[in-house]
Amino acid sequence: MMGTRRLPFPAQSFDFVHCSRCLIPFTAYNGSYLIEVDRLLRPGGYLIISGPPVQWKEQEKEWGELQAMTRSLCYELIIVDGNTAIWKKPAKASCLPNQNESGLDLCSTNDDPDEAWYFKLKECVSKVSLVEEIAVGSIDKWPDRLSKPSARASLMDDGANLFEADTQKWSKRVSYYKMSLGVKLGTAHIRNVMDMNAFFGGLATAVASDPVWVMNVVPAQKPLTLGVIYDRGLIGVYHDWCEPFSTYPRTYDLIHADGINSLITDPKSGKSRCDLFDVMLEMDRILRPEGTTVIRDSPDVIEKAVHVAQSIRWIAQVHDSEPESGSTEKILVATKTFWKVPLTSK
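Along each chain, the written sequence defines residue order, and numbers are assigned to residues from 1. This being a predicted model, a pLDDT of at least 70 is required before a residue's local features are given, and a value of 80 or more before pairs of side-chain atoms are given or counted; all residues contribute to the totals for chains, interfaces and linings. Note that water and hydrogens are dropped before the side-chain values are worked out from all heavy atoms of the structure.

**Observations concerning helix H1 (residues 28–40)**
Right, on to step 1. Going along the chain from the N terminus, every DSSP run of H or I of four or more residues is numbered as a helix, and every run of E of two or more is numbered as a strand. One less than the residue count of a helix, multiplied by 1.5 Å, gives the span that helix is expected to have. The first and last C-alpha atoms of H1 sit 18 Å apart over 13 residues, in line with the 18 Å expected at 1.5 Å per residue.
Right, on to step 2. Here's how the labels work: a residue is buried when its accessible area is under 20% of the maximum for its type, exposed when over 50%, partly exposed in between, all with a 1.4 Å probe on protein chains only. Within H1, ten of the 13 residues are buried, leaving the element largely enclosed by the surrounding structure.
Right, on to step 3. Listing the buried residues of H1 in full gives Gly31, Ser32, Tyr33, Leu34, Ile35, Glu36, Val37, Asp38, Arg39 and Leu40.
Right, on to step 4. It only takes one pair of heavy atoms within 4.5 Å for two residues to be counted as in contact. Of the surrounding elements, those touching the buried residues of H1 are strand S1 (14–20), strand S2 (41–50) and helix H2 (60–72).

**Topic: the domain arrangement of the chain**
Right, on to step 1. Domain start and end points were adopted from an automatic or database domain assignment. Each domain of the chain was delimited in the assignment, giving domain 1 (14–125) and domain 2 (144–336).
Right, on to step 2. Computed from C-alpha atoms alone, the centre-to-centre distance between domain 1 and domain 2 is 35 Å.
Right, on to step 3. If you look at the interface, domain 1 gives eight residues, while domain 2 gives ten residues.
Right, on to step 4. Accessible-area loss on putting two parts together, using a 1.4 Å probe and summing over both, is the definition of buried area adopted here. For the pair domain 1 and domain 2, the two sides together bury roughly 800 Å², of which 52% comes from carbon and sulfur.
Right, on to step 5. For this document, the term salt bridge refers to a Lys or Arg side-chain nitrogen within 4 Å of an Asp or Glu carboxyl oxygen. Applying the counting rule to domain 1 against domain 2 returns one salt bridge.
Right, on to step 6. Think of a polar contact as two N or O atoms within 3.5 Å of one another; within protein, one of them needs to be a possible hydrogen donor and the other a possible acceptor, and neighboring residues in sequence only count if both atoms come from side chains. In this structure, the connection of domain 1 to domain 2 is made through four residue pairs in polar contact (both at pLDDT 80 or more).

**Comments concerning the sheet that holds strand S6 (residues 213–219)**
Right, on to step 1. If you trace the seven strands from one edge of the open sheet to the other, you get S7-S6-S5-S8-S9-S11-S10, paired in mixed fashion. Of all strands in the sheet, those bounded by a partner on one side alone are strand S7 (235–239) and strand S10 (314–320). Adjacent strand axes in the sheet meet at a mean angle of 20 degrees, parallel and antiparallel pairs treated alike.
Right, on to step 2. A pair of strands is considered paired only if DSSP assigns at least 2 bridges between the two. Alignment of S10 against strand S11 (residues 330–336), held across seven bridges, turns out to be antiparallel. Pairing of Val318 across the sheet is with Leu332, part of S11. Axis geometry follows a simple rule: fit a line to the C-alpha atoms, using only the stretch in contact for helices, then measure angles between N-to-C directions, giving values from 0 to 180 degrees.

**With respect to the sheet that holds strand S4 (residues 84–88)**
Right, on to step 1. With mixed pairing, four strands are arranged side by side in an open sheet as S1-S2-S4-S3. Edge positions in the sheet fall to S1 and strand S3 (76–81), since each has one partner strand and no second. Taken pair by pair, the neighbouring strands of this sheet meet at an average axis angle of 10 degrees, ignoring direction.
Right, on to step 2. Of the pairings in the sheet, the one linking S1 to S2 comprises six bridges and is parallel in character. Within S2, the residue paired with Val17 across the bridge is Leu47.

**Structural notes on the state of the cysteines**
Right, on to step 1. Disulfides are defined as pairs of cysteine sulfur atoms found within 2.5 Å of each other. The tally for this structure, following the rule as stated, stands at four disulfides.
Right, on to step 2. Covalently, Cys19 is tied to Cys22 through a disulfide, its sulfur atoms 1.5 Å apart. Linking Cys19 and Cys22, the disulfide has an S-S dihedral of approximately -70 degrees and is accordingly described as left-handed.
Right, on to step 3. For Cys19, a relative accessible area of 7% translates into the label buried.
Right, on to step 4. The class for Cys22 is partly exposed, based on a relative accessible area of 32%.
Right, on to step 5. A disulfide bridge connects Cys74 with Cys95, and the sulfur atoms are separated by 2.0 Å. An S-S torsion of about 100 degrees defines the bridge between Cys74 and Cys95 as right-handed. Linking Cys74 in the loop between H2 and S3 with Cys95 in the loop between S4 and helix H3 (144–147), this pair joins segments that are 21 residues apart in sequence.
Right, on to step 6. Judged by relative accessible area, Cys95 falls into the partly exposed class, the value being 25%.
Right, on to step 7. Among the cysteines of the chain that take part in disulfides, numbered as they appear in the sequence, the pairing is 1-2, 3-4, 5-6, 7-8.

As C-alpha cells, then:
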C-alpha cells in the first residue's frame, strides 16, 4: 500500500508503472508518492495514469499540480488522451538540482535508494548510480538477460563471478531435484513457485524454461540483491520471514527455502529472531494442499524441520545433497496433505 513507507522493491526496477483509477494523491505531502514512483521506475521508463486527476472535472488543481511536478522531474509528457496520460522518465541522470516550480531536490549521498523494508517515504529524489547501464533498452533482451550479470551485480565484491557461480549451482540443483528427488518441476503439477531466499534469482533462472513463474523473496536482513533479480527480467520482493507474507492462503504450489535457519537468525548476534515453527506454519498457510516444500540446511536444522513438518501433517522425506557438491547439507522434501475433519454424529 502506498502509505508512509517505501514499497518493498528495489530502485530503478520497473519499465513502466501503471495506475488506473487508483486515486493516489501523487503530489500530496510534498510529492512523496510521485517521488516513490520515480524511485521505482527505470531511466527511460513510462508512467501511465488513467482516471483522476487527468483532465477530470473538479480536479483541475490536482491535474495542474501533477503536470508541474512531472515537469520538475523532467518527465516528457508523451500524450494525453481523454483521462489517460503517459509520461516518459529521462533516460539519463536526474535533471535535479534545478530551479523547478515544485521545490524538488536530490537526497543526500547517505540515502540508499534500494533500502525499502520499513523505510519511510522521502520528500527528496534519490541519486542512482549506473543510470545509463540499467535504463530501458540498455539491458540485454530476454532471454539473454537471464544469464548475463548486469551492471548492478558488478557493484558487489567479485559480483560477476558470484553471479556465474550461483547460476551454475542452481542449474545443477534443479536438475537433481527433478531427476533424483521427484520434485515435479516442469509438469502441470507446479505453476506458482516461491523462493524464500533468492539471492541472485538462480533458482528462478534454472526453471525459466518450465511452465512456472517464481516469486523471488530477498530477506530484508541480507544483502540487497533484488535489483539484480529485476535486471534479469524476473520479479521479487523484500520480506522479513519473522512476519507474515502478504498474500492469500493456499496460493503456491512449491515453496523453496535455502538455508532456512538463516532467515530467522540475526546476522550480527547469531541469535534467533523468531521460531522455526512459526515460519513453517506461515509456509503451510500459503502452500496449496498437496503442494511441495523443499528446505535445505544443516542436518541438525533439518531434523528440527522434520519434527515441525510432521506436527503440521506434512509428509516429509530427507535426502542427501547433490553427490558432486561434497556438502553435508540435507534436503527436506515435504508434501502438504489435506486435513480431513471427521464427521460427528448427532
